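Working through the structure, step by step
Single-letter residue listing:
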Amino acid sequence: MELLQEKIRQEGIVLNDNVLKVDSFINHQMDPVLMKEIGEEFARLFQSKNITKVLTIESSGIAPAIMTALELGVPSIFARKRKSLTLTNDLYTAEVYSFTKKETNEITVSKKYLHEGDNVLIIDDFLANGQAAIGLAEIVELAGANVSGIGILIEKSFQPGADKIRSKGYHLESLARVKSLQEKKVEFLEEQTV
Ligand code: G4P
């Protein structure tokens, strides 16, 4: 997606060979025009999948997920990383280990919002090792629902997540695919003309 690549080129900060900082438009301040276009693009890419729910994980997945859900005309759900006081029972849970943060989170979704037969589109901001997306897919499958697709804003293609997800047979669409962050430069897999 050209607009996202352009934004990454202009405002992305390469922290090191593995981490791209996008705080000015995705992870802290958010660009609503970009998020709207991202929602339209995911809705277009998954239009034939009869999506009934869009699922993400707090916090940075929420903005693109809700814009996608708005376009598709379906509800959006976010998995919680901490149990809420009012959501105590009847939860689907999965363990998600973050290689980046070196911590495990138990992620949860209320059984009220995911049902057998739902066609679920999973959305997240980054795909690194794939643990978050795989944990979300586990929750969908626990509910007896279908993982109809996985939509990612920024795939770091040099890390193992994308291959892991494709090898499990999921339909993965990434809007920007980063080939390398070496020498403080962002190199994309499919270079668009600047
Ligand atoms: P994985 O799910 O693909 O295995 O990723 P990993 O554990 O490595 O990522 C853990 C957190 O770090 C996630 O955010 C993920 O979005 C973020 N992350 C991974 N790589 C990058 C990167 O290159 N740049 C930035 N900015 N973030 C990255 P999170 O902890 O869930 O945070 P948030 O959603 O609350 O923002």
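Given the structure is predicted, the values throughout are model-derived calculations rather than measurements. (Residues numbered from 1 in each chain as written. Predicted model: local features only at pLDDT ≥ 70, side-chain atom pairs only at ≥ 80, totals over all residues. Heavy atoms only, no water.)

**Re the sheet that holds strand E3 (residues 53-57)**
Counted only if it meets this: At least two bridges found by DSSP between two strands are what make those strands a pair. The way it works is that DSSP assigns letters per residue, a run of H or I at least four long becomes a helix, a run of E at least two long becomes a strand, and they are numbered from the N terminus. By definition, residues are in contact when any of their heavy atoms lie within 4.5 Å. What counts as an axis is a line fitted to C-alpha atoms, over the stretch in contact for a helix, and the angles between N-to-C directions run from 0 to 180 degrees.
Here we have six strands laid out as an open sheet, ordered E4-E3-E7-E8-E9-E10, and mixed in their pairing. Among the strands making up the open sheet, the edge pair consists of strand E4 (76-79) and strand E10 (187-188). Relative to strand E9 (residues 172-180), strand E8 (residues 146-156) is paired through six bridges, and the arrangement is parallel. If you follow Lys156 over to E9, its bridge partner there is Val178. Each of E3, E4, strand E7 (119-127) and E8 is contacted by helix H5 (residues 131-142), which is oriented at about 165° to E7, the strand it contacts most.

**Focus: the side chain of Ser148**
Keep this limit in mind: Three labels apply to residues, based on accessible area from a 1.4 Å probe with only protein chains included: buried if under 20% of the type maximum, exposed if over 50%, partly exposed otherwise in between.
Examined against the element boundaries, Ser148 turns out to sit in strand E8. Judged by its relative accessible area of 9%, Ser148 is buried. In this structure, Ser148 is in contact with Phe46, Lys49, Ile51, Asn119, Val120 and His171, ignoring residues within four places of it in sequence.

**Section: the environment of Glu41**
With respect to the secondary-structure elements, Glu41 resides in helix H3 (residues 32-45). If we ignore the near neighbours within four places in the chain, the residues touching Glu41 are Met1 and Leu175.

**Some details on the pattern of salt bridges**
This is how the line gets drawn: When a carboxyl oxygen of Asp or Glu is within 4 Å of a side-chain nitrogen of Lys or Arg, the pair counts as a salt bridge.
One pass over the full model with this rule turns up nine salt bridges. Of the charged contacts, one joins Lys179 and Glu187 as a salt bridge, the two residues approaching to 3.3 Å between their closest N and O atoms. By relative accessible area, which is 41% here, Lys179 ends up partly exposed.

**Comments concerning H3**
To keep it simple, the criterion reads: Each helix should span, by expectation, one fewer than its residue count multiplied by 1.5 Å. For this analysis, a polar contact is any N or O atom pair within 3.5 Å, provided that within protein one partner can donate a hydrogen and the other can accept it, and provided that sequence-adjacent residues contribute only side-chain to side-chain pairs.
Helix length check: H3, at 14 residues, gives a terminal C-alpha distance of 20 Å against a target of 20 Å (1.5 Å per residue), a fit within 8%. Listed as buried for H3 are Leu34, Met35, Ile38, Gly39, Glu41, Phe42 and Ala43. With a side-chain oxygen positioned 2.9 Å from the backbone nitrogen of Val33, the residue opening H3 is Asp31.

**Some remarks on the packing of aromatic side chains**
Cut-off, in case you're wondering: Working definition: a ring pair exists when centres of Phe, Tyr or Trp rings (six-membered ring for Trp) sit within 6.5 Å. Plane angles under 30 degrees give stacked, over 60 give edge-to-face, the rest tilted.
One pass over the structure, following the stated rule, counts two aromatic pairs. Each ring, one from Phe42 and one from Phe46, has its centre 6.4 Å from the other, and the planes form 35°; the classification is tilted. The buried category is assigned to Phe42, whose relative accessible area is 0%. Its relative accessible area of 1% is what places Phe46 among the buried residues. Both rings, one in Tyr97 and one in Phe99, keep their centres 5.0 Å apart while their planes meet at 90°; by these two values the pair is edge-to-face. In this structure Tyr97 comes out as partly exposed when scored by relative accessible area, which is 31%.

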